[in-house]
Amino acid sequence: MYAWIWRKLPGGVWSKLSFSLVLAAAIGTLLWYVIFPWATPLLPFDDVQVEAGNGQDAGSTVPGDEGPDEPPYDTTTNQPKPSPSR
């Protein structure tokens, strides 16, 4: 496909290179300002529900109750204890 586009562009190597850079910039601009804003409401990235560790909603805490000082998950699972050297 890229070879077909390269063959269809007019001019020599430098002209084709310039046209291909302008074409890539135009496609990027079209995606950035038209396609992505149109598709953003259709994507599920904003459907996030954050809950406290005890199953309650994080927004429904009692005022003054800041919760435990430690996170509600194990922080050492990705850090195994070192094995004895041989």
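The structure contained in this document is the topic of the report that follows. Predicted, not measured: the structure shown is a model, and the values here were computed from it. (Residues numbered from 1 in each chain as written. Predicted model: local features only at pLDDT ≥ 70, side-chain atom pairs only at ≥ 80, totals over all residues. Heavy atoms only, no water.)

## Some thoughts on the overall build of the protein
Helix and strand content of the protein: two helices and zero strands. By residue count, 3% of the 86 residues in the protein fall in the buried class. (Helix = DSSP H or I, 4+ residues; strand = E, 2+ residues; numbered from the N terminus. Buried < 20%, exposed > 50% of the residue type's maximum accessible area, 1.4 Å probe, protein only.)

## Points about the side chain of Lys16
Position of Lys16 among the secondary structure elements: in helix α2 (residues 13-39). Residue class for Lys16 comes out buried when judged on its relative accessible area of 15%. Filtering out sequence-adjacent residues up to four positions away, Lys16 remains in contact with Trp6, Arg7, Leu9, Pro10 and Gly11. (Contact = heavy atoms within 4.5 Å.)

## Details of a nonpolar patch on the surface
On the surface, a nonpolar cluster with roughly 1,200 Å² of combined accessible area is contributed by Leu23, Ile27, Leu30, Leu31, Trp32, Tyr33, Val34, Ile35, Phe36, Trp38 and Leu42. Within the element layout of this structure, Trp38 appears in helix α2. Note on Trp38: relative accessible area 62%, which makes it exposed. (Patch = residues over 30% accessible without salt bridge, like charges linked within 9 Å, V, L, I, M, F, W, Y side chains within 5 Å. Areas by Shrake-Rupley, 256 points an atom, 1.4 Å probe, with all protein chains shown as cover. Salt bridge = Lys/Arg side-chain N within 4 Å of Asp/Glu carboxyl O.)

From the geometry alone we can't say anything about function, so treat these as descriptive.
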